[in-house]
Every structure is written in structure tokens, then in C-alpha cells.
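Listed here are the chains, written in short residue letters.
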Amino acid sequence: MLRHPRSADRPAREQGQATLTYRFQDDRVVEGVTAYRFIDEGGVLKIAATEVLSSRGL
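Remember, predicted model here, so these are calculated numbers, not experimental data.

Thoughts on the overall build of the protein
Next, step 1: Counting its secondary structure elements, the protein contains zero helices and four strands.
Next, step 2: Listing every helix and strand of the protein by position from the N terminus yields β-β-β-β.
Next, step 3: Intrachain contacts of the protein at a sequence separation of at least 6 include 26% that bridge at least 24 residues.

Here is the structure:
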């Protein structure tokens with residue numbers, strides 16, 4: 001759970017992006033970039049949607 005303080009000069013972020021690294025048991029490594037869209041539910045940011053922007057083997 002991601003909590004976000006609210007203030008007039010700092011509105012909640014509605015979008016974010018993360019680079020994830022996956023390591024598989026067969027020694028493959030994959031890096032992916034994922035975009036996230038958040039919704040504010042009572043001061044708690046929750047993931048509303050995700051989209052994989054890119055993925056590549058390393």
C-alpha cells in the first residue's frame with residue numbers, strides 16, 4: 001500500500017513508471033519497463049492500470 005500525503009501545493013501523482021528486473025530459475029534475466037496509473041481512494045494510492053512499455057533480455 002502506498003500512502004500519499006495531500007496538500008494544496010503537492011497534488012497526488014496519477015502516473016508512475018518502474019524498471020523491473022526478472023531473474024528466472026533457468027538463469028534468464030529480463031528487464032521490463034512498466035507504466036502505472038493510480039487512483040486515490042481515501043488518501044491511499046492504488047494501482048488502477050498497468051502497461052508494459054518495453055521488455056528485453058539481458
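From this point, things continue past the structure.
A word on the packing of aromatic side chains
Next, step 1: In the structure shown here, the tally under the stated rule is one aromatic pair.
Next, step 2: Ring geometry for Tyr-36 versus Phe-38: centroids 6.4 Å apart, planes at 15 degrees, classification stacked. Like Tyr-36, the residue Phe-38 is buried in the burial classification.
Next, step 3: It is Arg-28 that lies over the ring of Phe-24; its NZ or CZ is 4.1 Å from the centre.

Observations regarding the pattern of salt bridges
Next, step 1: Taken as a whole and assessed by the stated rule, the structure comprises three salt bridges.
Next, step 2: Salt-bridge contacts for Asp-26 lead to Arg-28; the nearest nitrogen and oxygen are separated by 2.9 Å.
Next, step 3: With relative accessibility at 44%, the residue Arg-28 sits in the partly exposed group.
Next, step 4: Residues Arg-56 and Glu-31 are paired through a salt bridge, measuring 3.2 Å at the closest nitrogen-oxygen approach. Of the two residues, Arg-56 is situated in strand 4 (residues 44-57) and Glu-31 in strand 3 (residues 29-41); the sequence distance between them amounts to 25 residues.
Next, step 5: Judged by its relative accessible area of 47%, Arg-56 falls in the partly exposed class.

Cut-off values and rules
- Residues numbered from 1 in each chain as written.
- Predicted model: local features only at pLDDT ≥ 70, side-chain atom pairs only at ≥ 80, totals over all residues.
- Heavy atoms only, no water.
- Helix = DSSP H or I, 4+ residues; strand = E, 2+ residues; numbered from the N terminus.
- Contact = heavy atoms within 4.5 Å.
- Phe/Tyr/Trp six-rings, centres within 6.5 Å; stacked < 30°, edge-to-face > 60°.
- Buried < 20%, exposed > 50% of the residue type's maximum accessible area, 1.4 Å probe, protein only.
- Lys NZ or Arg CZ within 6 Å of the ring centre and 35° of its normal.
- Salt bridge = Lys/Arg side-chain N within 4 Å of Asp/Glu carboxyl O.

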